[in-house]
Amino acid sequence: MQRAALFGGTFNPVHFGHLRVAEEVREGFGLDTVYFIPAANPPHKEEKGLLPAADRYEMLAAATADNPAFSVSDAELRRRGRSYTIDTVDQFFSASGRSSQCYLVMGMDAFAEIDTWKSYLALFDRIEMIVISRPEPGRQTGWIERISEVIAGRVSPQYAYDPERRGFFHPDKCAVYPFEVTPLDISATRIRSLVAEGGSIRYLVPDAAAAYLYKKGLYL
Ligand code: ATP
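Given the structure is predicted, the values throughout are model-derived calculations rather than measurements. (Residues numbered from 1 in each chain as written. Predicted model: local features only at pLDDT ≥ 70, side-chain atom pairs only at ≥ 80, totals over all residues. Heavy atoms only, no water.)

Chemist: I would appreciate a short explanation of the packing of aromatic side chains in the present structure.
Modeler: All chains considered together, the criterion is met by 14 aromatic pairs. Aromatic pair Phe29 and Tyr177: ring centres 5.8 Å apart, planes at 70 degrees, arrangement edge-to-face. Taken together, the residues Phe29 in the loop between helix H1 (16-28) and strand E2 (33-38) and Tyr177 in strand E8 (residues 176-179) connect sequence positions 148 residues apart. An identical accessibility class is assigned to Phe29 and Tyr177; each is buried. In this structure Tyr177 comes out as buried when scored by relative accessible area, which is 14%. Connected via pairs of aromatic rings, a cluster forms that spans Phe29, Tyr103, Phe169, Tyr177 and Phe179. (Phe/Tyr/Trp six-rings, centres within 6.5 Å; stacked < 30°, edge-to-face > 60°. Helix = DSSP H or I, 4+ residues; strand = E, 2+ residues; numbered from the N terminus. Buried < 20%, exposed > 50% of the residue type's maximum accessible area, 1.4 Å probe, protein only.)

Below is the structure:
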């Protein structure tokens, strides 16, 4: 059975925070493929400063070309209108069939706002989720507790954490797995500012993606 993960985001631009998350998830969950899915018209991100989806896709393709376990999907680029995760998940399952084991990957910052996503409750009926830790300066409370609060308050109080299987389980809904990754406090926002200020983005962004970005004069 194919084992895969769907990793969505704006990737504006892709950086080593994203790539390391994907690598640790791939290894930790024994996956064959991690699909990076750039959002064409994300409902959440401000349009200002968002590069055309084709450029964000090309940078991802350049950054992941040397890894056979990484694949970049144009699923959201080919759809019209807003890019909703629920539609992408449905599209993936109708293309691959239920025979593949598939997870949806997101950072804690994204998960904390999941109740603003279209048909978010239905997502928990469709696909298992992996929620990644992300450095948050100043945050004191444990992040498993925070995931627990989000799940209990906004999805269902019937979810319970099982420390042996390291996940939240529900009698009818799909599991949610908190997954701790190496903390890399890198954000695309910071990279865009660095480029605009003429600062170095070396070792924050893969060279192949940086070369594309400079060649096209992006984020200036
Ligand atoms: P921006 O700064 O523009 O908001 P971003 O760096 O958060 O961008 P996204 O494309 O929004 O990047 O991220 C896609 C997904 O990757 C999200 O689920 C986000 O939580 C996660 N992610 C991004 N950077 C990291 C990181 N450094 N560590 C862990 N998860 C990350």
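Now that the structure is up, let's keep going.
Chemist: I keep staring at the nonpolar core and nothing clicks. Help me out?
Modeler: Soluble globular proteins tend to bury their nonpolar side chains together. Counting 39 residues, the largest nonpolar core has Val25, Phe36 and Met59 as the members making the most contacts within it. Setting aside residues no more than four positions away along its own chain, Val25 makes contact with Gly30, Leu31, Val105, Ile130, Ile132 and Phe179. Counting residues in hydrophobic clusters, the runner-up holds 29 residues, among them Cys102, Phe111, Met129 and Ile147. (Core = buried A, V, L, I, M, F, W, Y, C linked by side-chain atoms within 4.5 Å. Contact = heavy atoms within 4.5 Å.)

Chemist: Could you clarify how one ought to interpret the environment of Ile201 in this entry?
Modeler: With respect to the helices and strands, Ile201 occurs in the loop between helix H8 (188-197) and helix H9 (207-216). Sequence-distant contacts of Ile201, defined by excluding residues within four places in its chain, comprise Ile191, Leu194, Val195, Ala210, Leu213 and Tyr214.

Chemist: So what exactly am I meant to see when it comes to the side chain of Arg56 here?
Modeler: Its place among the elements puts Arg56 in helix H2 (residues 53-64). Not counting the four nearest positions on each side in its chain, Arg56 is found in contact with Thr10, Phe11, Asn12, Pro38, Ala39, Ala40, Leu50 and Leu51.

Chemist: Would you mind going over helix H4 (residues 85-96) with me for this structure?
Modeler: Two residues of an α-helix separated by three or four positions point the same way, owing to the 3.6 residues in each turn. Spanning 12 residues, H4 covers 16 Å between terminal C-alpha atoms, matching the ideal 16 Å at 1.5 Å per step. All buried positions along H4 are accounted for by Ile86, Thr88, Val89, Phe92 and Phe93. When H4 is viewed along its axis, its buried side chains cluster within an angular range of 165 degrees and face the same direction. Seen from the open side of H4, the exposed residues pointing more than 90 degrees away from its buried face are Ser94 and Ala95. (Expected span 1.5 Å × (residues − 1). Arc of directions from axis to C-beta.)

Chemist: What am I meant to see in the pairing of strand E1 (residues 3-9) here?
Modeler: Every regular strand shows the same layout, with side chains that alternate between the two sheet faces. Sheet analysis places E1 next to strand E4 (residues 101-107), joined by five bridges and oriented parallel. Paired with Leu6 across the two strands is Leu104, which belongs to E4. Note: E1 against E2, six bridges, orientation parallel. Among the inter-strand pairings, Leu6 is bridged to a residue of E2, identified as Tyr35. Tracing the backbone out of E1, into H1 and back to the parallel element E2 gives a crossover that is right-handed. (Pairing = 2+ DSSP bridges. Right-handed = clockwise from strand over helix to strand, strands pointing away.)

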